[in-house]
Amino acid sequence: MAEKSKVVSIPDQISVRDLADLLGASPIEVMKLLISSGIMANINQTVDYDTAAIVATDLGFEIQQEIAEAPEEAPPATEAPTLPEEVPLRDIYAQEAPEDLKPRPPVVTVMGHVNHGKTSLLDYIRHTNVVAGEAGGITQHTGAYQVEVNGMEITFIDTPGHKAFTAMRARGAQVTDIAVLVVAADDGVMPQTKEAIDHARAANVPIIVAINKIDKADSDAEMVKKQLADVGLAVEGWGGNTIALTVSAKEGTDIDTLLDMILLVAEMSNLQANPDRPATGAVIEGQLDRNRGATATLLVQNGTLHVGDQVVIGETYGRIRAMFDEAGNRVKSAPPSFPVVVLGLSDVPQAGEIFTVVDNEKSARALAEQRAEERMAAEQAPVRTLSLDEIYAQMQAGAVKEFNVILKADVQGALEPVVSSLEKLGDEDLRVRIIHQGIGKITESDIGLAIASQAVVMGFNVQAEPAARSMAEIEGIQIRYYRVIYKLIEDTDKALKGLLEPVYEAVVMGHAEVRTTFRASKLGRAAGVYVEDGTVKRDAHARVLRDNEEVYDGTIVSLRRFTEDVNEVVEGLECGVGLAGFADFEEGDVIEVYKRERVA
């Protein structure tokens, strides 16, 4: 410990790696100390003197500020490989010199409600654009494909829907330039249609509406346009400028016009990239092929990918041994907006992960190992919840100008006044943006959208589904529950003004299933339960859940094992539970035990 009392000189700016070397500590130990101070930094990021001084003090050092000397030309690195600085995909084009940028094909995602014809539309476009001579059409599923229209290319991303679209954004990949929303003319706007609109809007991509199935006798395109206007998507002719076309994927009616409109929107968006640089882009899908090993469909977004390039994808790396287009033909290079299946990776990557080309295998391995260390450090650190206070701090720092909210309510009549009130809050500098609104429980889809959009989830007279609640806890998404409208509005207004008071958050301690009921002299009826996980404690808070619906929220007032009163019962044991003011137990009910912890 005596050595750690020596004086250390720290410059104005220092990377996490160099700080660790300076203090004789591991990078992971330094990152943990930074996380405990509320600072998320990876091994290559720089921190200022004040931040580095806190870490040094925590490790027992005395500190002094290093006096800057005249800059000297740095000698070339000879030991550790130079690792590329990670750049979010939304910023990769902004870093290019204007003279290096060239037009690139648009990347399109097709979304819509189930059975509205999304797959039929994609299949019609795909099979009518197969190059002559490719007998049998598409020979393999790649998750993406490119078609040619009037001598110009369009890339289509074939995802399972808006949830996958948003999950990719949550991992950092913003791959879509245009969203095509498919709505059946005989069915109209449905719940998944509304969700798809909200997910596309959250990604800030232009929407083209394809009103499908106009070949059906009961089709009504004008009804669809009105319904779209009712949910806030105003199309041409209904007070808006969103392009809406009537098509039939079954008969091929006006599909060519739809493709022309995609090219028109792309031209207006001025999509460009620099093909003359090392490639970067996103994983569309990955799979393990029994014969070829780990494969992945990569969408090149900037630069050009070549056979022989060394790539890093998250913690996976490898040398590109071969590349194939969607028809299974070998290709030697892939320019911007071109999707290819690649071989040569060390493992199967996840959809939405970002790939980067590096100089050599040593650099690739070092970067993959660094990311593995960062992931392990993040897993060991406590989850940081994106709270209202934290959003306000980001607003004050100028990082965000909008407070993103996902709002769920029990009935439409309650949703409308809440939305109306929230939209009136804030000013031109800070305002509420409702990313998604809906009726019913808070779902995993809602949490996924919150992750991608950095949003707070609010429930009015509804609870979160168990899977959604677990996902929110793991990902650090805050769910706030309300039963009174004015309290929801008041809290949001305070968040915008930075006046929000600390709140108490429910932390689940355990769950017990009701197996039987019996009479209890003081309580009327009590429940015989089996503790499925965690701990059940006397005087703890408890909810009774019946078919995932909350029917009671109160306190445990009696806890017995056989004939003895006990303070707690752990997982795997049976006990008797009595609740304050509640006796209407049914077999199969779940008692969720929780404590209230104060959070900022």
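Refer to the structure above for everything that follows.
What comes next is a walk through the structure. Each chain carries its own residue numbering, running from 1 in the written order of its sequence. The predicted nature of this model means local features are confined to residues of pLDDT at least 70 and side-chain atom pairs, given and counted, to a pLDDT of 80 or more, with totals for whole chains, interfaces and linings taken over all residues. Calculation of side-chain values draws on the structure's entire complement of heavy atoms; hydrogens and water are dropped beforehand.

### Re the packing of aromatic side chains
What counts here: Aromatic rings from Phe, Tyr and Trp, with only the six-membered ring used for Trp, were paired whenever their centres fell within 6.5 Å, and each pair was classed as stacked if the ring planes differed by under 30 degrees, edge-to-face if by over 60, and tilted otherwise. Helix numbering and strand numbering both begin at the N terminus, where a helix is a DSSP run of H or I of at least 4 residues and a strand a DSSP run of E of at least 2. Only protein chains enter the accessibility calculation, which uses a 1.4 Å probe; a residue whose area is less than 20% of its type maximum is buried, one above 50% is exposed, and one in between is partly exposed.
Across all of its chains, the model carries three aromatic pairs by this definition. Between Tyr145 and Phe156 the ring centres are 5.7 Å apart and the planes differ by 25°, which places this aromatic pair in the stacked class. Highlighted residues: Tyr145 in strand E7 (residues 144–149) and Phe156 in strand E8 (residues 152–157), separated in sequence by 11 residues. Each member of the pair, Tyr145 as well as Phe156, carries the same accessibility label: buried. On the numbers, 5.2 Å between centres and 90° between planes, the contact of Phe582 with Phe585 is edge-to-face. Of the residues examined, Phe582 reaches a relative accessible area of 11% and is grouped as buried. Looking at Phe585, the relative accessible area reads 8%, which means it is buried.

### Section: unusual backbone geometry
In this structure, Asn150 is a non-glycine residue whose phi angle is positive, near 50°. Mapped onto the secondary structure, Asn150 falls in the loop between E7 and E8. Phi at Lys213 is positive, roughly 65°, even though this residue is not glycine. Checked against the element boundaries, Lys213 lands in the loop between strand E10 (207–212) and helix H7 (221–230).

### Some details on the sheet that holds strand E11 (residues 243–246)
What counts here: In this analysis, strands are considered paired if DSSP registers two or more bridges between them. Lines fitted to C-alpha atoms define the axes, with helix axes restricted to the stretch in contact, and inter-axis angles between N-to-C directions lie between 0 and 180 degrees. It only takes one pair of heavy atoms within 4.5 Å for two residues to be counted as in contact.
Read from one edge of the open sheet, six strands run E7-E8-E6-E9-E10-E11, paired in mixed fashion. Each edge of the sheet is formed by a strand with only one pairing partner; in this case those strands are E7 and E11. Along the sheet, successive strands turn relative to each other by an average axial angle of 30°, direction set aside. In the packing of helix H4 (residues 118–127) onto the sheet, the strands contacted are strand E6 (107–112), E7, E8 and strand E9 (178–184), and the crossing angle to E6 comes to about 145°. On the sheet, helix H6 (residues 191–202) packs against E6, E9 and E10 and is oriented at approximately 170° with respect to E9.

### Focus on the packing of helix H12 (residues 444–453) against helix H13 (residues 466–475)
Worth spelling out the cut-off: Oblique is the label for any angle not covered by the other classes, which are roughly parallel (under 35 degrees), roughly antiparallel (over 145) and roughly perpendicular (65 to 115). Should the near helix be turned anticlockwise from the far one by less than a right angle, the crossing is left-handed, and should it be turned clockwise, the crossing is right-handed. Polarity classes work like this: nonpolar for Ala, Val, Leu, Ile, Met, Phe, Trp, Tyr, Cys and Pro, charged for Asp, Glu, Lys and Arg, and polar for all others, with Gly in that last group.
Interaxial distance between H12 and H13 falls to 8 Å at its minimum, and their mutual angle equals 20°. Classified by the angle their axes make, H12 and H13 are roughly parallel. In the crossing of H12 with H13, the sense of the turn from one axis to the other is right-handed. From H12, Glu444, Ile447, Gly448 and Ile451 reach across to H13, where they touch Ala467, Ala468, Met471, Ala472 and Glu475. Split into classes, the residues belonging to the contact of H12 with H13 amount to six nonpolar, one polar and two charged.

### Some remarks on the pattern of salt bridges
This is how it is decided: Here, a salt bridge means any Lys or Arg side-chain nitrogen found within 4 Å of an Asp or Glu carboxyl oxygen.
Throughout the structure, instances matching the rule amount to 22 salt bridges. In this structure, Asp186 engages Lys216 in a salt bridge whose closest nitrogen and oxygen atoms are separated by 3.3 Å. On the criterion of sequence distance, the pair formed by Asp186 in the loop between E9 and H6 and Lys216 in the loop between E10 and H7 is long-range, its members being 30 residues apart. A relative accessible area of 24% places Asp186 in the partly exposed class. Overall, Lys216 belongs to the partly exposed group, its relative accessible area being 37%. The partner of Arg546 in a salt bridge is Glu586, with the nearest N and O atoms 3.6 Å apart. Placement of the pair is Arg546 in strand E28 (residues 541–546) and Glu586 in the loop between strand E32 (574–579) and strand E33 (590–599), with a sequence separation of 40 residues.

### Some words on the pairing of strand E29 (residues 549–561)
Pairing of E28 with E29, which is carried by six bridges, proceeds in the antiparallel orientation. Counterpart to Arg543 in the pairing with E29 is Asp553. Counting the residues that bridge the hairpin from E28 to E29 gives two residues, and of these Asp547 lies at a positive phi of roughly 55°. As paired elements, E29 and E32 share four bridges and run antiparallel to each other. Counted as the bridge partner of Leu559 is Val577 from E32. Note: E29 against strand E30 (residues 564–565), two bridges, orientation antiparallel. Bridge pairing in E30 places Arg561 opposite Glu564. Hairpin geometry of E29 and E30 is characterised by an intervening segment of two residues between the two adjacent antiparallel strands and by a positive phi of about 60° at Phe562.

### Brief notes about the packing of H6 against H12
Put simply, H6 and H12 touch, their axes get as near as 10 Å, and they point 15° apart. One element, H6, and the other, H12, form an angle in the roughly parallel class. Our pair here, H6 against H12, has a crossing hand that is left-handed. Two secondary-structure elements touch here, H6 through Glu195, His199 and Ala202 and H12 through Ser445, Leu449 and Ser453.

### With respect to H13
Each full turn of the α-helix corresponds to 3.6 residues, which orients residues three or four apart in the same direction. Quick reminder of the rule: Here, the arc refers to the directions that run from the helix axis to the C-beta atoms.
Those residues of H13 not exposed but buried are Ala468, Arg469 and Ala472. Projected onto a plane normal to the axis of H13, the buried residues spread over an arc of 100° and lie on a single side. Residue Gly476 follows H13 closely and has a positive phi angle near 75°.

### Quick word on the environment of Tyr594
To keep things clear, this is the line we draw: Identification of polar contacts relies on pairs of N or O atoms within 3.5 Å, with a donor-acceptor requirement for protein atoms, meaning one able to donate a hydrogen and the other able to accept it, and with residues adjacent in sequence counted only if both atoms are side-chain atoms.
Inspection of the secondary structure assignment puts Tyr594 in strand E33. A sequence separation of 58 residues divides Tyr594 from Val536, and the C-alpha atoms of the two residues are 8.7 Å apart. Ignoring any residue separated from it by four or fewer positions in sequence, one finds Tyr594 in contact with Ala506, Val507, Val508, Met509, Ala540, His541, Ala542, Arg543 and Asp553. Within polar-contact distance, the side chain of Tyr594 engages the side chain of Asp553 at 2.6 Å.

### Some words on the environment of Asp12
Tracing the backbone through its elements, the reader meets Asp12 in the loop between strand E1 (7–10) and strand E2 (13–15). By relative accessible area, which is 43% here, Asp12 ends up partly exposed. The sequence separation of Asp12 and Thr51 amounts to 39 residues, and the corresponding C-alpha distance is 9.9 Å.

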